[in-house]
Amino acid sequence: MTLFRTSPAAPTTIIFGAMVLVLGTTARADVVPTVQFGLTELSGSEADTPVRVPVYLSCPTEQAVTVNYVVGGSATPNSDFVLSNGQVTFDPGNSIIEIAIDVNDDLILESGLPETVVITLSNPVNALLGTKSSFTIRILDNDDPTWPGDIPTPSSVSAVDTVGANLGGNTSGITCQPATESTPQYLWIVKNNPPVLYRLAKPGATWEPSSGWPTAGVTMRYVPGSTVYPGSPDSEGVTKAEWGEASVYVCAERNGSSSSRLSVLRYDTSGVTGATTTINAAQEWVLNHVAGNADSVDEVPSSNGGFEGITWAPDSFLVSSGFRTDGSELYNPNAPQYAGHGSGLFFIAMEDFAKVYVYALKAGGTFVRVAKLNVSSLQKTVSIEFDRDTGTLWVACDSDGGACLSRHAVFRINRNPHSPDYGRFVQRRLYNKPLNLPNSNIEGFAIAPETDCADGVKEVFWVDDSGSPGTTLFRGTIPCGCAALDSDDDGANDCEDECPDDSLKTAGGNCGCHQFDWLITGDIESSGDLDGSDVQSLINAILSVSTDPADLCAADFNGNGMIDIGDVDGVICRLLGG
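Just so it is clear, the model here is predicted, and its values are computed rather than measured.

Some details on the overall build of the chain
- Each helix and strand counted, the chain has four helices and 35 strands in total.
- Relative to its 578 residues, the chain shows a buried fraction of 53%.
- In the chain, the proportion of contacts linking residues at least 24 apart, taken out of those at least 6 apart, comes to 59%.
- Surface summary for the chain: the accessible area is close to 22,500 Å², and the carbon and sulfur share equals 50%.

Take a look at the structure:
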C-alpha cells in the first residue's frame, strides 16, 4: 500500500492493491468543523488510570480551534479523580486531542451507584459544537470487602475431615490439581517444619492420602550434592506447572530454622510409592538478593519473612492477554533469554515486603526475573493462587495478630492501552476473609477448577499453619466464572463489570466499544505507531475482510458506532500531519 500527500485542499488518495480510494481532505480553510466527543459515556474500574477521553474535530483546518470544558459529576475532585476545568486546543491540521483524567484507585468502600465524572464542552472558537458535547465516566468501585461467596448470605466454611493424614501445625501451602479421566482430583499440601509433601484425594466423603502415596507424606530434601544437602527446606508453598507433569514446585525461605535461603525446588514425584519416606529435589533455583544482579530479588527479608507462596501461569494465557515485563516489553516466551524455561512463569509471594516476583525458571538452575507486583493493600503476602480458568491471580495474607485479617486481593491483567499499567497485573478487588473462616494463621489458599462447578459455585481451600483448634484444612466456595469480580455488586455479571458473561462479550472479550480499553487513537494495530498498517486494517474492516467484532470495534476511529469511510479519513488526516 502506498500513501502520498496532495495539496492541502485536494482529496487524499489511497492506493491499496488494485483499488483506489479518494477519501476526505487534509486541512482546509473553507470548512467550519464540528468539535465533540466520539462517545457520550464510558464505564470502568477505578484501577483503570489514567483515563484518556478523545475529543474529535470532524475535519482538521488551517486555523487553530479551541473549546472549553468544565468538570462535574458525583465523584469528588482531588480525592476520587484529578482533573480541573480547562481548554482543548487543536493546532492547525490536528483532529484529535485527549483529555487525561487520573483516577484514584483507593481502598475505600464506596456506597450507592457508581461515581461519575462529567466533562462538558462549551464555547468553541473556529468550530461548531457537536451534539456529543457531554461525556460521562462512571467509576466502578473495586473495594467491596465482602467475600464473594458470602453474597447474598454468609456461605458455609467447614473444617475438612482428613483420614490417615496427620497434617497438624506448620501446614503452609496448598494447590488443587483437576481430575482427569484416569486420575482423581488432588490436593497437594506442604508442611514447613518438618518439610513434608502430601497428596490427598477424595474417593468418598473425606480427603485422605491418595492411592500409592504414603500416609505420612514424604520428607523433602535439597538437591543431592549441593552444599546444603540433605537439609530441611522451610517449604511454604506448592504448585504445579502443566497439570499432567509429574513434578511439583515448592518455594522455601530458609534451610531449616537457620539463615535465609530463598529458593524454588522441583520434585519429581513419578517414583513415589506408598513406601517412600524421602524425596530429593531434582532442581533448585536460589533467588537470594545479590548486589548488581537485577534478576535476583530486591530485598533481604528476615529469615522467617521470605518466600511464602508460589503459583504458575501458562505462557498461552500471558501472551494472549498482552502481559508485559517490568521493562514494558510484551512478554515473548520464545525470546532467547527465556530458552529452556518451560511453558509458563512462576509467581512467588515475598512475605516481609508484600511483593510478588514473577520468574522464568530455566533448566540448569538459571532464571530470569520478568516482573514484580507491589501488593500495597496487604501488609504481608503469604499465599498466592492463579485461577487458570478465569485468569485471576489471588494473593492473601494471614491473620498477623489481627491486623492483616486474612484478606484476599484479586489481580487481573490490565488491558487498557492508555494506562501506564497496560499489560501488567493490577488489583481489581480486595476481599475480607469469609465471615465463617476462623481468624487464624491461614497460610495457604487453593481454588478448584471450573469443571467442579455446581449450583454456580466452586470450592476453595485454606490451610491453617497453626493447626488449631485441631483443624488444618478448611473448605469454602466462590462463584464460578468471573462472578467474583461483579464490580458494581448488583448481583449480575454484566457489561458494567470487570469480567462480564461470555454471552455479553464481543469476540475480542469486551462489551461493545464502551469499556476503557477501547478508547481509540487511531493505532488500530496497537504497534505504538500510527502508520499505514492501521489504514490497511480499517480498509479491511470496511471491505469485510476482517469480520472479528473486536477488530471492528477497535477500527471505529471516530466513535460513531459503525465502521465507515470517516474512520479511514480520520486516520489519514493524522498520518498526514493531523
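Considerations on the side chain of Thr171
- Looking at the secondary structure, you find Thr171 in strand E15 (residues 171-177).
- Using a relative accessible area of 0% as the deciding quantity, one classes Thr171 as buried.

Quick look at the sheet that holds strand E34 (residues 457-464)
- Spatial strand order, E14-E35-E34-E33: four strands in an open sheet with antiparallel pairing. Only two strands of the sheet have a single neighbouring strand rather than two, namely strand E14 (158-159) and strand E33 (442-447).
- Where E14 meets strand E35 (residues 473-479), two bridges bridge the pair, whose relative direction is antiparallel. Bridge pairing in E35 links Ala159 to Phe474.

Quick word on the sheet that holds strand E8 (residues 81-82)
- Across the sheet, which stays open at both edges, the five strands sit in the order E8-E10-E6-E4-E12 with mixed pairing between neighbours. Every other strand in the sheet has two partners, leaving E8 and strand E12 (128-129) as the edge strands with one partner each.

Here we look at the environment of Val395
- Counting through the fold element by element, Val395 comes out in strand E30 (residues 392-396).
- What makes Val395 buried here is its relative accessible area of 0%.
- The sequence separation of Val395 and Val410 amounts to 15 residues, and the corresponding C-alpha distance is 6.5 Å.
- Setting aside residues up to four positions removed in sequence, Val395 forms contacts with Val356, Val375, Leu378, Thr381, Ser383, Ile384, Arg407, His408, Ala409 and Phe411.

Some points on the packing of aromatic side chains
- On inspection of all chains with the given rule, the structure shows 20 aromatic pairs.
- Judged by centre distance (5.8 Å) and plane angle (55 degrees), the ring pair of Trp147 and Trp394 falls under tilted. With Trp147 in the loop between strand E13 (134-140) and E14 and Trp394 in strand E30, this pair connects stretches of sequence that are 247 residues apart. Grouping residues by exposure puts Trp147 and Trp394 together as buried.
- An angle of 90 degrees between the planes, with centres 5.5 Å apart, marks the rings of Trp188 and Trp213 as edge-to-face. Within this pair, whereas Trp188 is found in strand E16 (residues 186-192), its partner Trp213 is found in the loop between strand E18 (208-209) and strand E19 (218-221), the two being separated by 25 residues in sequence.

Quick notes on the pattern of salt bridges
- This model, assessed by the stated rule, comprises ten salt bridges.
- For Lys372, the salt bridge identified is with Asp298, shortest N-O distance 2.6 Å. In this pair, Lys372 is assigned in strand E28 (residues 367-374) and Asp298 in the loop between strand E24 (283-286) and strand E25 (307-314), connecting sequence segments 74 residues apart.
- For Lys372, a relative accessible area of 23% puts it in the partly exposed group.
- Here Glu450 and Lys458 are joined by a salt bridge, their closest N and O atoms 2.5 Å apart.
- A relative accessible area of 2% places Lys458 in the buried class.
- Look at the salt bridges and you will find they share partners, linking Asp298, Arg369 and Lys372 into a network.

Describing the environment of Lys362
- Residue placement: Lys362 occurs in the loop between strand E27 (355-361) and E28.
- Given a relative accessible area of 16%, Lys362 falls into the buried group.
- In the structure, Lys362 is positioned 20 residues away from Gly342 in sequence and 7.2 Å away in space, judged by C-alpha atoms.
- Setting aside its immediate chain neighbours within four residues, Lys362 contacts Trp285, Gln337, Tyr338, Ala339, Gly340, His341, Phe367 and Val368.

Focus: the environment of Met220
- You can see Met220 is positioned in strand E19.
- The buried category is assigned to Met220, whose relative accessible area is 0%.
- Taking the C-alpha atoms as reference, Met220 lies 9.6 Å from Val250; in sequence the two are 30 residues apart.
- Every residue in contact with Met220, bar those within four places of it in the chain, is listed here: Val190, Lys191, Pro195, Val196, Leu197, Gly231, Pro233, Ser235, Val250, Tyr267 and Ile279.

Looking at the nonpolar core
- Membership of the largest hydrophobic core comes to 30 residues, with the highest contact counts inside it found for Leu318, Phe323, Leu345, Phe347, Leu393 and Phe425.
- Put simply, the parts of the chain that give this core at least two residues each are helix H1 (315-320), strand E26 (344-350), E27, E28, strand E29 (383-387), E30, strand E31 (408-413) and strand E32 (425-431).
- Residue contributions to this core peak at four residues, all from E28.
- Not counting residues within four places of it along the chain, the set of residues in contact with Phe425 comprises Phe317, Leu318, Phe323, Phe347, Leu373, Phe386, Leu393, Phe411, Arg412 and Ile413.
- Grouped together as the second largest cluster of nonpolar side chains are 26 residues, Leu42, Phe81, Ile99 and Ile101 included.

Some remarks on the state of the cysteines
- Per the stated rule, a full pass over the model turns up one disulfide.
- A sulfur-sulfur distance of 2.1 Å marks the disulfide that ties Cys453 to Cys480. As the torsion about the S-S bond is roughly -130 degrees, the Cys453-Cys480 disulfide counts as left-handed. Taken together, the residues Cys453 in the loop between E33 and E34 and Cys480 in the loop between E35 and helix H2 (532-542) connect sequence positions 27 residues apart.

A word on the pairing of E19
- Because side chains alternate across E19, one face comprises the buried residues Val218 and Met220, and the other comprises Thr219 and Arg221, none of which is buried.
- With two bridges joining them, strand E17 (residues 195-201) and E19 adopt antiparallel strand pairing. Following the sheet pairing, Val196 is matched in E19 by Thr219.
- Examined bridge by bridge, E19 and strand E23 (residues 278-280) share three bridges and lie parallel to one another.

Rules of the game
Residues numbered from 1 in each chain as written. Predicted model: local features only at pLDDT ≥ 70, side-chain atom pairs only at ≥ 80, totals over all residues. Heavy atoms only, no water. Helix = DSSP H or I, 4+ residues; strand = E, 2+ residues; numbered from the N terminus. Buried < 20%, exposed > 50% of the residue type's maximum accessible area, 1.4 Å probe, protein only. Contact = heavy atoms within 4.5 Å. Areas by Shrake-Rupley, 256 points an atom, 1.4 Å probe, with all protein chains shown as cover. Pairing = 2+ DSSP bridges. Phe/Tyr/Trp six-rings, centres within 6.5 Å; stacked < 30°, edge-to-face > 60°. Salt bridge = Lys/Arg side-chain N within 4 Å of Asp/Glu carboxyl O. Core = buried A, V, L, I, M, F, W, Y, C linked by side-chain atoms within 4.5 Å. Disulfide = S-S within 2.5 Å.

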